[in-house]
Amino acid sequence: MDDVDKCLEKLKRCELLSQATIKDICTRVIDVLLDESNVCEVDAPVTVVGDVHGQFYDLLEIFQIGGECPDTRYLFLGDYVDRGHFNLETITLLTCLKLRWPDRITLLRGNHESRQITQVYGFYKEVVQKYGSADVWSYFCEVFDYLPLSAIIAGKIFCVHGGLSPAVLSVDQIKLIDRFREPPSEGVFADLLWSDPSDRDGFNLSQRNAGHLFGKDTVERFLHVNGLSTVLRAHQLCMEGYQIHFDGLLATVWSAPNYCYRCGNVASICEIDASLNREFNVFSAAPEDRREVPSGQAKQVPDYFL
Amino acid sequence: MCYQWVLTGERVGRRLRRTPAAVPVEDTFLDVVVMSSGSKGEQVSVIGASYFGQGTVVTTGVCSTTECSCGSGSLELPVYFGGPAFAETRDEQASQLVFVCIHGGGMSALSFAPMAKHLVAKGLSIVAMDLPAHGGATDGPLDMATLIGAAINSARRVLIDHNLLVPGSGASESSCPAAGWDGSTPAAHLVLVGHSMGGAVATRIAADPQLSAGLPAVGLTVLDVVEGTALAAADGMGALLAARPASFDSVDDAVAWHLATGLMRNPDSAATTVPPLVVDAGDGGEGVVWRTPLASSADQWDSWYIGLSELFLAVPHRKLLVLAATDRLDTQLMVGQMQGKFQLKIIPDVGHWLHEDDPAGVANTLHGFVHFFGWMPSEH
């Protein structure tokens, strides 16, 4: 794994790897991911991270605050790419970490880990800009196809990117999903990646035009049937970095501070100790002097708006 | 020709191999209709038949949201409509879906003509009007209240005439934003669609219960306008308008200019949508000039856009925002989108007139929107 160590050193300096190296790493990490279930079993203590969205310097901040991998065990809930300026560096670093320490970091799939979404929200464009072709994008899209959909921490905390589905009552039903493909726009797979909690009971259609809204009663039922204690998910921006819903039955963790470099929000990581106590460690964006400003970012100022 | 890349998967053991396949998408060609004679009613009828299905002229009062002056002035507004909801032999029991489309500043109802054909092909219906001082409509002020009243009244007339909207007991034909509408009942699913300035009109209608009562909709779609970006661009907009040619030698020249400057990217659409934007110079002048005095509306722009993002987020209907690029979101909408408050759809490779640049793509998006929420018209 010496070569992966060298890659990690380069990446932490925000240097890109060669296309051939990335292809090799992606191929090797797929072999690791192939063996993971749709529902990963993760031990505690573990630190859970929400959406990162290509905010590379804030990811480095997370490792500063939460501890370096492999010293700290990590579970990432998806949405590694799109919107940020360093999507490539972010996903390459996380992929290398997974290859190097497969038991110390778990990467789930978010709704942005898809060909359709990344073509529109920035990852595809960044790859073409930095590598001159879309090959690296397609290597990572193949990796995305193998990312597991959910995890359970110490048999008690259910983790997923979006939320629950009306078609899933038992965790065993999630294990039956064929995840090795581009996520469809509707159905269980889509729900797990797109759903949001809501004040209304039951399942309702989401305003996002994808996934469902799910109420407190659905969470209670799901936890009870599966012998779980809480749900931990990401997917929704929290101005305070995290949000607790349904009297503690569900929490949202959001890990991209000052989202898109202008929303002004703080972020958090959820540190879970061996006794399954949750603590949200809140942090702000990495300071300006520790960030690189991306070059060649021509901002498209729209001329007409009438 | 444009191609959509479709990925086909093939399993080999437990590994996936993917090969892209090019799937050609149907070309769209619209016949260009140029009318040089005939009454306004005749012209509207022919244009309507060519692009939408039908056309009519609605006469309505000029009122504000606070003051009724229905008797003191009148606007003549061409309204175009088409689709199964307006068919002569329509099954009254079957549900219908009608998009009520409000065009952008300086444009006309024909802005939606390229898209109309695609919507109708999917069993959906459309109504689009010329707002005051635009296209074939008579002149009128461009304040938000007048635009709102014009949009609601013209759409209502057509919907009521075709039994797609049942007026309440207190409402009459000349009801206006000031007088309000009591208890009108939709007999179809109505979705408001607004482009740019029209998006501000549509949002303000949807956000106000009194105005919503005039056009009771289930969904709102805004095309490429965002408060933050609009206000940020406002300073440069005056200069942009001043830099436009004041006149063109011919309608064809006007079409060519829109394409050459890159403002519009689809020649077939521009050939349809640009002609209504210019009129004969008249008074011994040569060539054609701009129909709408956009530059003089500058003092209205703030009132069109200030507060729009908050209003959009507060609209109780299902909402879809279609943008030409992700950069166009302002902070308020960015937060709202990441909190799942509405659907965001980015259309690639288009400009500000995205429904003209990619009419099939935008029609598909609208179809997906109404399909997801179960408002699709029932099969006949």
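Counting of residues starts from 1 at the beginning of each chain's written sequence and follows it residue by residue. Both sets of labels track the order of writing: A upward for chains, 1 upward for ligands. The model is predicted, so local features are restricted to residues of pLDDT at least 70 and side-chain atom pairs to those at 80 or more, both for listing and for counting; the totals for chains, interfaces and linings are taken over all residues. As a convention, hydrogens and water are excluded, and side-chain values are obtained from all of the structure's heavy atoms.

Going by an unreviewed UniProt entry, chain B carries the name protein phosphatase methylesterase-1 and comes from Thecamonas trahens ATCC 50062. UniProt positions are given in the numbering used here, feature names are shortened, and annotations may be inferred rather than shown by experiment. UniProt annotates chain B under Catalytic activity (unreviewed entry) with the comment "[phosphatase 2A protein]-C-terminal L-leucine methyl ester + H2O = [phosphatase 2A protein]-C-terminal L-leucine + methanol + H(+)". Recorded in UniProt for chain B, the comment headed Sequence similarities (unreviewed entry) runs: "Belongs to the AB hydrolase superfamily."

Taking an unreviewed UniProt entry as the reference, chain A is identified by name as Serine/threonine-protein phosphatase belonging to Thecamonas trahens ATCC 50062. Under the UniProt heading Sequence similarities (unreviewed entry), the entry covering chain A gives this text: "Belongs to the PPP phosphatase family." Check the Catalytic activity (unreviewed entry) section of the UniProt entry for chain A; it says "O-phospho-L-threonyl-[protein] + H2O = L-threonyl-[protein] + phosphate".

**Student:** Got a minute to help me understand the overall build of chain B in this structure?
**Tutor:** Looking only at helices and strands, one finds 13 helices and 15 strands in chain B. Relative accessibility under 20% of the residue-type maximum defines a buried residue, over 50% an exposed one, and the middle range a partly exposed one, all with a 1.4 Å probe and only protein chains included. In chain B, buried positions account for 54% of the 380 residues. Looking at chain B alone, contacts between residues at least 24 apart form 68% of all its contacts between residues at least 6 apart. Surface exposure of chain B reaches about 15,000 Å², of which carbon and sulfur atoms provide 51%. We count a stretch as a helix when DSSP gives it H or I for four or more residues in a row; a strand needs E for two or more, and each element gets its number in order from the N terminus. The contact definition used throughout considers only heavy atoms, calling two residues in contact when any of these lie within 4.5 Å. Here the open area of atoms and residues is found with the Shrake-Rupley method and a 1.4 Å probe, where only the protein chains shown may cover a residue.

**Student:** Help me understand the sheet that holds strand 13 (residues 288-290) of chain B in this model?
**Tutor:** Whenever strands of a sheet pair, they do so through backbone hydrogen bonds, lying parallel or antiparallel. Read from one edge to the other, the open sheet built from three strands follows the order 11-13-12 (chain B), with strand pairing classed as antiparallel. Of all the strands in the sheet, just strand 11 (247-248) and strand 12 (278-280) of chain B have a single pairing partner and so form its edges. A pair of strands is labelled paired if DSSP reports no fewer than 2 bridges between them.

**Student:** What am I meant to see in the interface of chain B and chain A here?
**Tutor:** Between chain B and chain A, the residue contacts involve 51 residues of the former and 41 residues of the latter. Summed over both partners, the accessible area lost on bringing two parts together, with a 1.4 Å probe, is the buried area. Of the roughly 4,200 Å² buried between chain B and chain A on both sides combined, carbon and sulfur atoms contribute 56%. Salt-bridge detection follows one rule: a side-chain nitrogen of Lys or Arg within 4 Å of a carboxyl oxygen of Asp or Glu. Here chain B is connected to chain A by zero salt bridges. Within 3.5 Å is the distance limit for a polar contact, defined as a pair of N or O atoms, with the added protein rule that one can donate a hydrogen and the other accept it, and that residues adjacent in sequence qualify only through two side-chain atoms. Linking chain B with chain A are 13 residue pairs in polar contact (both at pLDDT 80 or more). Secondary structure elements with two or more residues in the side of chain B that touches chain A: strand 1 (2-12), strand 2 (15-25), helix 6 (227-243), helix 9 (298-305), strand 14 (318-323), helix 11 (331-338), strand 15 (343-346) and helix 13 (359-372) of chain B. All residues other than Ala, Val, Leu, Ile, Met, Phe, Trp, Tyr, Cys, Pro, Asp, Glu, Lys and Arg, Gly among them, are scored as polar; the first ten of these are nonpolar and the last four charged. Broken down by class, the residue content of the side of chain B that touches chain A amounts to 27 nonpolar, 13 polar and eleven charged.

**Student:** I keep staring at the packing of helix 3 (residues 56-66) of chain A against helix 4 (residues 87-100) of chain A and nothing clicks. Help me out?
**Tutor:** All names here are of chain A. Throughout, an axis means a line fitted to C-alpha atoms (over the contacting stretch in the case of helices), and angles, computed between N-to-C directions, take values from 0 to 180 degrees. Remark: helix 3 packs on helix 4, axes separated minimally by 9 Å, with the N-to-C direction vectors making an angle of 35°. Between helix 3 and helix 4 lies a crossing whose hand is right-handed. Where helix 3 abuts helix 4, its residues Phe56, Leu59, Leu60 and Phe63 lie against Glu89, Thr90, Leu93, Leu94 and Leu97. Here the contact of helix 3 with helix 4 is composed, by residue class, of seven nonpolar, one polar and one charged. Two helices crossing with the near one rotated counterclockwise from the far one by less than a right angle form a left-handed crossing, whereas a clockwise rotation gives a right-handed crossing.

**Student:** Which parts of the structure should I look at to understand unusual backbone geometry?
**Tutor:** Most peptide bonds adopt trans geometry, and most residues besides glycine take a negative phi value. For the bond running from A:Ala44 to A:Pro45, omega is 0°, close enough to zero to count as cis. Following A:Cys69, the chain continues to A:Pro70 via a peptide bond in cis, the omega torsion being 15°. As for its position among the elements, A:Pro70 is in the loop between helix 3 and strand 3 (74-76). Positioned with a positive phi, A:Ala154 is a non-glycine residue whose angle comes to about 50°. Assignment of secondary structure puts A:Ala154 in the loop between strand 5 (150-153) and strand 6 (157-160). Phi is positive for B:Asn163, which is not a glycine, with a value near 55°.

**Student:** Quick question: what am I supposed to make of the side chain of A:Thr90 here?
**Tutor:** Residue and element names in this part refer to chain A. Topologically, Thr90 is positioned in helix 4. Here Thr90 falls in the buried class, since its relative accessible area comes to 0%. In this structure, Thr90 is in contact with Val52, Gly54, Gln55, Phe56, Leu59 and Tyr80, ignoring residues within four places of it in sequence.

**Student:** Please explain a negative patch on the surface as it appears in this structure.
**Tutor:** All names here are of chain B. A cluster of acidic residues, Asp249, Asp252, Asp253 and Glu286, forms a negative patch at the surface. Tracing the backbone through its elements, the reader meets Glu286 in the loop between strand 12 and strand 13. Owing to a relative accessible area of 70%, Glu286 belongs among the exposed residues under this scheme. Within the patch definition used here, like charges are joined within 9 Å and nonpolar side chains (Val, Leu, Ile, Met, Phe, Trp, Tyr) within 5 Å, considering only residues with over 30% relative accessible area and no salt bridge. We score Asp and Glu as negative and Lys and Arg as positive, and we do not count His or the chain ends. Each charge is placed at NZ for Lys, CZ for Arg, CG for Asp and CD for Glu.

**Student:** Where do I start with the nonpolar core in this structure?
**Tutor:** Nonpolar side chains tend toward joint burial in soluble globular proteins. All names here are of chain B. One finds Leu159, Tyr305 and Leu321 to be the most contacted residues of the largest nonpolar core, which totals 93 residues. The element best represented in this core is helix 3 (residues 144-161), accounting for ten residues. Apart from the residues lying within four places of it in its own chain, the contact partners of Leu321 are Val222, Val225, Val226, Phe312, Leu329, Leu333, Phe342, Gln343, Leu344 and Lys345. Here, nonpolar core refers to any group of buried Ala, Val, Leu, Ile, Met, Phe, Trp, Tyr and Cys residues whose side-chain atoms link them within 4.5 Å.

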